[in-house]
Every structure is written in C-alpha cells, then in structure tokens.
Amino acid sequence: MLTDNSNNDSTASTGLRKARLAFAISAGKLAGASGRFFHIGGGTSLPGMIARRIDPNVLKSVVGASKAKKIVITGSNGKTTTARMTAAIADASGHRVSQNRTGSNLLQGVTSVAVNFADVLGRLDSDVLLFEIDEATIPLAVPEIQPDVVVITNIFRDQLDRYGELYSVARALNTMLEELPETATILLNGNDPQVASFGANAKAKRVFFGLETTEVGTPVPEQSADIVRCIRCHHDLDYKVAYMSHLGIYSCPNCSYTLPDLDIAATSVGLAENGEGPSHIKLRTPQGEIKLEIPLPGIHNVYNAAAAIGAAMAVGFPLDKVQTAMNNVRTAFGRMEKIQAGDKTIFLSFVKNPTSFNLMLRLIALHPGKKHLLLAASHTVVDGEDFAWLWDVDIEEIAADILDAVCSGNKPEELAMRLKYAEVPTDRITLIQDREAALDAAMKQVEPGGTLYIMSSYTPTQELRRIMQKRGWVKHFWEE
Amino acid sequence: MNENKKDTGMVIKIGHLYPTLLSVAADRGNLFSIEKRCKWRGIGVEVEQIFVKQTPDFTKYDMILFHGGADREMEIASKDVQHKASSLREAAEANVVFFSVCAGYQLLGHYYKPFEGPELKGADVLDLYTEGGNTRFMTHIALECHFEEMGTKVLVGYENHSGRTYLGSKVKPLGKVLSGWGNNGKDGVEGAVYKNVFGTYTHGPSLPKNPWFTDLLIQRALERRYGKVKLVPLDDSTENAAHDAALKLAMDFKGTMSAIEATPWKK
C-alpha cells in the first residue's frame, strides 16, 4: 500500500502521502547537503535516490503540482549545453529556472530537481523546470513529468553495451512522443534523418530545427555516421552536405523522404578558424531572423543554440534577450572547458562516443602547434563496458600532431592500442591508471605556457576535475 | 618499432564487404589491425570495398571481411548477399580467408530467424543457422582456441547479440567458451571454422587485442598465394596489455548476461 499511486482520496491516506512526501524531500535534501559537506561527490543524484526510496511518487507529485513550464531535453549529444542555453534565455527574461544542471540525467538525478528546489511541502517556486534526461530514462521519466516541450537533439550510436542497438532507443523515444498530448511541442533536429521521422503520428505539434547552409560541413558523412540510409525505404541517402556524423541536408533518391522544412534554421554559419572563438550565425525563426554570436566554439554549439531558442519559443519566452543570454553561457563542465593551471592551460573535454570525440579532435586540430594529450577511459556502469567505439574515432586525423599522450582511467590499454594503430610512436604513449599521477605526468610534459588537451569518458573526467578542484584550478561543479 | 620494414614484395588483397552498411561496433578496427600488422612487416595490403549490388569474383581476394550490423542493416545485407552467395562459396572452397563477425557471421550461415519478423536467408558458406532469442548477451567474452600453427591461445572480445547460433556437422567451433555465452549460451562453444572461413560473435573490435589471431589470418592469406610463410614477430606489448585487461574483465564478469547491469559501482 505504501507504494500505491492510485487515487485514494481518504483524508488519512492523503495525510500519509503528504507526510511521506515531506519526509522524502527532507531526507533527500539532507543527503545532498551532507554529500556536499563531506565532499563525497557533487550531491547530484544521491538526494533523488534517497527521496525515491521513501516516496516513489516524489517527482510526479512535485512536478504535477507545479504551474511551471516543463521542458525535457534528450538525445545522444548536446543535452547539457542545450539545457544551459535554454536556462540562460529563461533567466535573461526574468524567469526562475530549476534544472538538473550537472549532467546527472538518470532517474535519480532527474528526481533531484524536485528534492533540491521544492520546499518540504513539495512546492516549487519556479517558472521553468528544465530536465536533461538520458535517452534510456525517457520512458520512465516522461510520464512522471508530463512535459510541455520535448527536445530531441540527435541520436548517435552510443552505449550499445547498454541499449543493445540504436534502433531500440529510437523506438522507445518515438513511442513516448506519440503519447504526448496535443498541447505539447516536440522539437526535433531536422538534420538527423532518424530524429526527423519521430512523432509522425504524434498529437503534439512538431517543430524542426537545424542547419540550412553549405558554408560549413563536408560532402559526405564521416565514417562513424550511423544513419546513412533512408528511414522509410532503406535506400542510401544522398547528402548535399553533412555537418557532423549523419546530420546534414539529405534526401532519398528512391522515395520522397527528405529533410523537413526547418522552422528554426541556421541559414548562415561562420565558425572561428582557431577552433576556440565564437561562431556567428543567422537564424531564421517564425519570429523573424536573428543574428547571433555564440561564444562556444564548434558546429555542435550551433545546434545547441538553435534547439535552446526553439525550446524558449515553444514556452513563449521573448527572443529579444537571446544574445545577452548567449553571452552569459559558459562552457559546461568538461565541454572543452578551458582551465588555467599556473602558467599552463588545460582544455578538458568529456567524450563519450565517436561523434563527440571526433568533434573535439577537429576543434583541437584547429589550435596551432603540436599537442600534448591526456586520454582517459574507465569502464563503469555510467561509462559503459564496451569501448569498441574508440576505433570509430578518427585519431589518424591528428596523429602526426601528437607530441605525447598519457592514457589513464581503469581501461587505458585500449586507448594506448588505438593510438598505436593510428601510428603514434609507442615511446610517446604512457599508461598510468591513477588519475592524479596521470595528470601530473601529462602536465610535466607540457612546456611553460603550453597546453594540455584532456579527452576523457565521464567518470575519469569527474575524477580529474576533482583533482583540479583540490588544486584550486577549477570550482566545484555544483557551485556553478 | 612503427617504422616501415623493408618491402617483402608480398601483397594481401582484401575484399571488405558492406563497409558502411555493416560497421556497427567499430569493426573497422579489425581492418586497421590487419593493415598495420602487414605494413609493419613490409607486406602490402590492397583493400577493395564491396557494396550492395556489386558482384565481384570473390576468389580474387585473399581475405574477406564481413562485419556486424543491427537487424535493419542485416535485412538489406541478407537480400543482397544472395547475389554474391555462389561466388562467396567458391572463394571459401578455394581457401580464401574469411573473417566474419556477428551479423556477418550469421549471414554466412543458412539463415537467421529473428525473434520477431521474417527469416533472413544467409549465403550458405558455413553449415550453421541462427535463431533470435528474447534476451541479449552483452558482456565480455573469452575463448580458448587451438590452431596447429599457433598452439592453444585465448581470444578475447565483447559479445552483443540476441541470435543463438547452432553449428552443423561441416563446421568446427572457433573456440571453447571460458567466460561469456558464445554461439547460443548452451553448448559452451563460440564461433565457427570451415577451411579458412572464420565466424565469431566477438566484437571489441577483436583483432587489435588478439594479435595472434590477426597474424593467423594474415599468414593463412599469404600462404594461399605465396606458399609457406613465416611472419616476422612484432613487439606486441601494447596489444598484449589490452588482451590481458580484456581477459581479466571477462573472468570478472563470468556468468553475467549484461556487463552493464553487473558493473559494481566502483571508482
């Protein structure tokens, strides 16, 4: 009976439910506070975990009682930065935002929003609830949240060891979209041939965002691209331009399947040549054209901005403060995060699949000079067990520019082997499992005034960043 | 050690089947492994990519690579491979080396019957068939293999399949399962061998971290064209470290259906 979520309206059980909710939220808050106090982690998913143990309905109750607009952001890549940009737009126009900020995007992390921001009676004092949610958690989380807007950034081959195959993730997302009510808005990346096909039979309104320019991109998709065949008839797609992985302007020569009309389209994209500076874009929107400077580098951040603007529009936020909002967006934790370490610079990048790794490599390749690298991979329940995808990363493109590389994490051997087969000389590759020793060794190889590039899977990124916090190079990520 | 060795004048011709259609688990790493280990020994490698609708004479290759894909890609490959099947069988009889993984392995058999959906015909190169299960084997795997020229060796990788493969009398298993599930989770064996045709469920990709097996494939391919060959040994310390790490994982995860679910929370 304690986990019963049926509509039992007797006073006693209502009182019991309220008491349990209050207890759940209090216990979750306490867990988060003590986690932060004892520095045993960011306190990001523990509160949600504890609260759900006490009241499995905690998320549903708190979110359901809130009048705030609810935005869910999911997809393989770009969730965190899209959420940050959306929050910045909301914030710039004076809206109060609550979100699961720190990439803690499984059910416990999502639930933490309710625990951290609500008072003990489960009341949320926010105008916008922003949820960044892992693709696989979507079928569990969306019914509890009942979102007004769902953003799907893209679907890349990711975590095959968790999901089995790409298409099963896609099917689950599509089912979720078709169940949304007609009052909801679905924001889809039109450049992703699979994502663009989602929700074709949905009651909710579909809005497409993407790029519509040939100023950037390549004539054919990169090797690691997943969907290069038509979603309908399976014929090979023709690409006019490919922007990253299988995202591009595509059409099927066999059937009528093609890029949908984009509601929010970057019609002009100028990327910084040094791989570090801002991008300049023109964005066509239903409310007219916007010219924007996006302070974060790379084509992926153009997508993130377009998605964020689409989400903001869908909940009715004005767009006049978008540039101000963009200026306030800093790189998310470990997203090509620039860190000053004495007279040396570190770029810390969290990479989790070939698409994100290749994007970072390409940005780094634009930076002048030869490179010192620290790569780290760990097999954990979060990072996954199968690191085959490293062989879809185009290390070859920068192999000749690698001065030295330290491989770390609890699975450094596969990284070292990947570098060897990209013909990085083995005497330039060092294996050091211990994260702190690896960071020291890598920093030692960097000349004064030089730069270290760190590319790392999720858990070692957190571990490395914690070491950098200890040394005062970065802030705790929950303070951001 | 990575500098190019003196040119031996020998060349391996590789036919890479469906390189874009079937490449789900970064199995192009297998090709890298073969290419680089040849290059480092002064052996030339020529790679021809073979797409749908192309029907080359497969006996002209020394080695054929046939990798994995999801069910949707497999359906396309199944239809197309019917037009290639007779030439593939000829190549197998002519001792061409085949290295096939997962969907490629299944499609060299008689048929693949998915758990849901219509049966997919194979190329009848290997005497085996596959039936889809309602659960998936997704974990680290290790096999014990024995080959005359290599002795007893351990092959490591990662399996991710719902198909259960059953071997006929004309093929032998590739190895005995030490950890993991193998062909069907029941009979304790993994993969299949017929002449120089090898099939396996091991992804990883498996060749880079099993340099002994890559060398076996290279040697068999060369011997078909040039007669008895002795490969120059390479420094495999990087590869062997990856091999041993994968073997340790396989033994740590022994008995688990899915390594992810079994992963303990650990630093």
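Residues numbered from 1 in each chain as written. Chains lettered and ligands numbered in written order. Predicted model: local features only at pLDDT ≥ 70, side-chain atom pairs only at ≥ 80, totals over all residues.

Draft legend 1. Looking closely at the overall build of chain B. Within chain B one finds 7 helices and 12 strands. Scaling as 2.2 N^0.38, a compact globule of 267 residues should have a C-alpha radius of gyration of about 18 Å, and chain B matches this with 18 Å. Along the longest, intermediate and shortest principal axes, the C-alpha atoms of chain B span 50 × 50 × 30 Å. Across the 267 residues of chain B, 51% fall into the buried class. (Helix = DSSP H or I, 4+ residues; strand = E, 2+ residues; numbered from the N terminus. Rg over C-alpha atoms; globule rule 2.2 N^0.38 Å. Buried ≥ 20, exposed ≤ 12 C-beta atoms within 10 Å, placed from the backbone.)

Draft legend 2. Quick look at the sheet that holds strand β2 (residues 97-99) of chain A. All names here are of chain A. The strand order β2-β3-β1-β4-β5-β6-β9-β10-β11 describes an open sheet built from 9 strands, whose pairing is mixed. At either end of the open sheet lies a strand with only one pairing partner, and these are β2 and β11 (288-294). Going from strand to strand, the sheet's axes swing by 20 degrees on average, the running direction of each strand aside. Two strands pair when backbone bridges link them, and strand β10 (residues 279-285) and β11 are joined in this way by 7 bridges, in the antiparallel orientation. Bridge assignment links Ile 281 to a residue of β11, and that residue is Leu 292. (Pairing = 2+ DSSP bridges. Axes fitted to C-alpha atoms, helices over the stretch in contact; angles between N-to-C directions.)

Draft legend 3. Looking closely at the pairing of strand β7 (residues 128-147) of chain B. All names here are of chain B. Sheet analysis places strand β5 (residues 111-113) next to β7, joined by 2 bridges and oriented parallel. Within β7, the residue paired with Lys 113 across the bridge is Glu 131. Of the strand pairs in this sheet, β7 and strand β8 (residues 151-167) are connected by 16 bridges, and their pairing is antiparallel. In the sheet register, Leu 128 faces β8, and the bridge partner there is Leu 167. As consecutive antiparallel partners, β7 and β8 are separated by 3 residues. Of the strand pairs in this sheet, β7 and strand β9 (residues 175-179) are connected by 3 bridges, and their pairing is antiparallel.

Draft legend 4. Structural view of the nonpolar core. Counting residues in each nonpolar core, the largest one holds 221 residues, and the members touching the most others are A:Ile89, A:Leu187 and B:Met63. With 12 residues, helix α9 (residues 299-314) of chain A is the largest single contributor of residues to this core. Here this core spans two domains, and each of domain 1 (66-328) and domain 2 (337-479) of chain A adds at least three residues to it. Those residues in contact with B:Met63 that sit more than four places away from it in its chain are B:Ile12, B:Ile14, B:Val96, B:Val97, B:Phe99, B:Leu217 and B:Ala221. (Core = buried A, V, L, I, M, F, W, Y, C linked by C-beta atoms within 7 Å. Domains from an automatic or database assignment. Contact = placed C-beta atoms within 7 Å.)

Draft legend 5. How the structure looks around the confidence of the model for chain B. Residues and elements named next belong to chain B. When the pLDDT values of chain B are averaged, the result is 93; 96% of them are 70 or greater. This model gives residues 263-267 a pLDDT under 50, and the stretch forms 5 contacts once residues within four places in sequence are excluded. What the predictor reports for the complex is a pTM of 0.83 with an ipTM of 0.95. (pLDDT = per-residue confidence, 0-100.)

Draft legend 6. The environment of A:Ala31, seen in detail. All names here are of chain A. One can find Ala 31 in helix α1 (residues 11-37). Between the C-alpha atom of Ala 31 and that of Gly 48, which follows or precedes it by 17 residues, the distance is 9.0 Å. Not counting the four nearest positions on each side in its chain, Ala 31 is found in contact with Leu 46, Pro 47 and Ile 50.

Draft legend 7. Up close: the interface of chain A and chain B. In this assembly, 29 residues from chain A lie in contact with 33 residues from chain B. For the side of chain A that touches chain B, the leading source of residues is helix α13 (residues 412-421) of chain A, giving 6 residues. Its residues placed into classes, the side of chain A that touches chain B shows 12 nonpolar, 6 polar and 11 charged. (Nonpolar A, V, L, I, M, F, W, Y, C, P; charged D, E, K, R; others polar.)

Draft legend 8. The sheet that holds strand β16 (residues 429-431) of chain A, seen in detail. Residues and elements named next belong to chain A. Spatially, 6 strands are ordered β12-β13-β17-β14-β15-β16 in an open sheet, and the strand pairing comes out mixed. Edge positions in the sheet fall to β12 (337-341) and β16, since each has one partner strand and no second. Direction aside, the axes of adjacent strands within the sheet are offset by 20 degrees on average. Of the pairings in the sheet, the one linking β12 to strand β13 (residues 344-350) comprises 5 bridges and is antiparallel in character. Bridge assignment links Ala 341 to a residue of β13, and that residue is Lys 344. Relative to strand β14 (residues 371-376), helix α14 (residues 435-445) is tilted by about 170 degrees, and along the sheet it contacts β12, β13, β14, β15 (402-408), β16 and β17 (451-456).

Draft legend 9. Spatial organisation of the packing of α14(A) against helix α15 (residues 458-470) of chain A. All names here are of chain A. Between α14 and α15, whose axes approach to 9 Å, the crossing angle comes to 70 degrees. What the angle tells us is that α14 and α15 run roughly perpendicular. For the pair α14 and α15, the crossing hand works out as right-handed. Between α14 and α15, the residues in contact are Arg 435, Glu 436 and Leu 439 and Pro 460, Glu 463, Leu 464 and Ile 467, respectively. In terms of residue class, the contact of α14 with α15 is built from 4 nonpolar, no polar and 3 charged. (Parallel < 35°, antiparallel > 145°, perpendicular 65-115°, else oblique. Left-handed = near helix turned anticlockwise from the far one by under 90°.)

Draft legend 10. Region of the structure containing the packing of helix α2 (residues 46-54) of chain A against helix α5 (residues 107-117) of chain A. Residue and element names in this part refer to chain A. Taken N-terminus to C-terminus, the directions of α2 and α5 make an angle of 85 degrees; their axes are 7 Å apart at the nearest point. Judged on the interaxial angle alone, α5 and α2 are roughly perpendicular. Touching Pro 47, Gly 48, Met 49, Ala 51 and Arg 52 of α2 are Gln 108, Gly 109, Val 110, Thr 111, Ser 112, Val 115 and Asn 116, all from α5. Tallied by class, residues from the contact of α2 with α5 come to 5 nonpolar, 6 polar and 1 charged.

Draft legend 11. Broad picture of the pairing of strand β4 (residues 149-152) of chain A. Residue and element names in this part refer to chain A. Residues of β4 alternate between two faces, with Val 149 and Val 151 on one and Val 150 and Ile 152 on the opposite face, all of them buried. The pairing of strand β1 (residues 69-74) with β4 spans 4 bridges and is classified as parallel. Residue pairing across strands places Val 72 opposite Val 150, the latter belonging to β4. As judged from the 4 bridges shared by β4 and strand β5 (residues 185-189), these two strands associate in the parallel manner. Bridge pairing in β5 links Val 149 to Thr 185.

Draft legend 12. Seen up close, the domain arrangement of chain A. Along its sequence, chain A is carved into domain 1 (66-328) and domain 2 (337-479). The straight-line distance from the C-alpha centre of domain 1 of chain A to that of domain 2 of chain A is 27 Å.

Draft legend 13. Highlighting unusual backbone geometry. The omega angle of the peptide bond from B:Gly204 to B:Pro205 is -20 degrees, so this bond is cis rather than trans. You can see B:Pro205 is positioned in the loop between β12 (197-200) and α5 (211-226). Phi at A:Gln146 takes a positive value of approximately 50 degrees, unusual for a residue other than glycine. Under the C-beta neighbour-count criterion, A:Gln146 is labelled partly exposed, with 15 such atoms within 10 Å. The phi torsion at A:Ser245 lies on the positive side, around 45 degrees, for a residue other than glycine. Along the polypeptide, A:Ser245 turns up in the loop between β7 (238-244) and β8 (247-251). Using a count of 29 C-beta atoms within 10 Å as the deciding quantity, one classes A:Ser245 as buried.

Draft legend 14. Region of the structure containing helix α6 (residues 237-252) of chain B. Helix length check: α6(B) (16 residues) gives 22 Å between terminal C-alpha atoms against 22 Å at 1.5 Å per residue, within 8%. Taken as a whole, α6(B) has its buried residues at B:Thr238, B:Glu239, B:Ala242, B:His243, B:Ala246, B:Leu249 and B:Ala250. Down the axis of α6(B), the buried set is contained in an arc of 135 degrees. They therefore lie on one face. Looking at α6(B), the residues exposed on the side facing more than 90 degrees away from the buried face are B:Ser237 and B:Met251. Its buried side turned inward, α6(B) meets α13 of chain A together with β7, β8, β9 and α5 of chain B. (Expected span 1.5 Å × (residues − 1). Arc of directions from axis to C-beta.)

Draft legend 15. Highlighting the environment of B:Ala85. Residues and elements named next belong to chain B. Locating Ala 85 in the fold gives a position in helix α3 (residues 85-93). The class of Ala 85 is partly exposed, set by 19 C-beta atoms lying within 10 Å. On a C-alpha basis, the gap between Ala 85 and Ala 123 in space is 4.8 Å, while along the polypeptide they are 38 residues apart.

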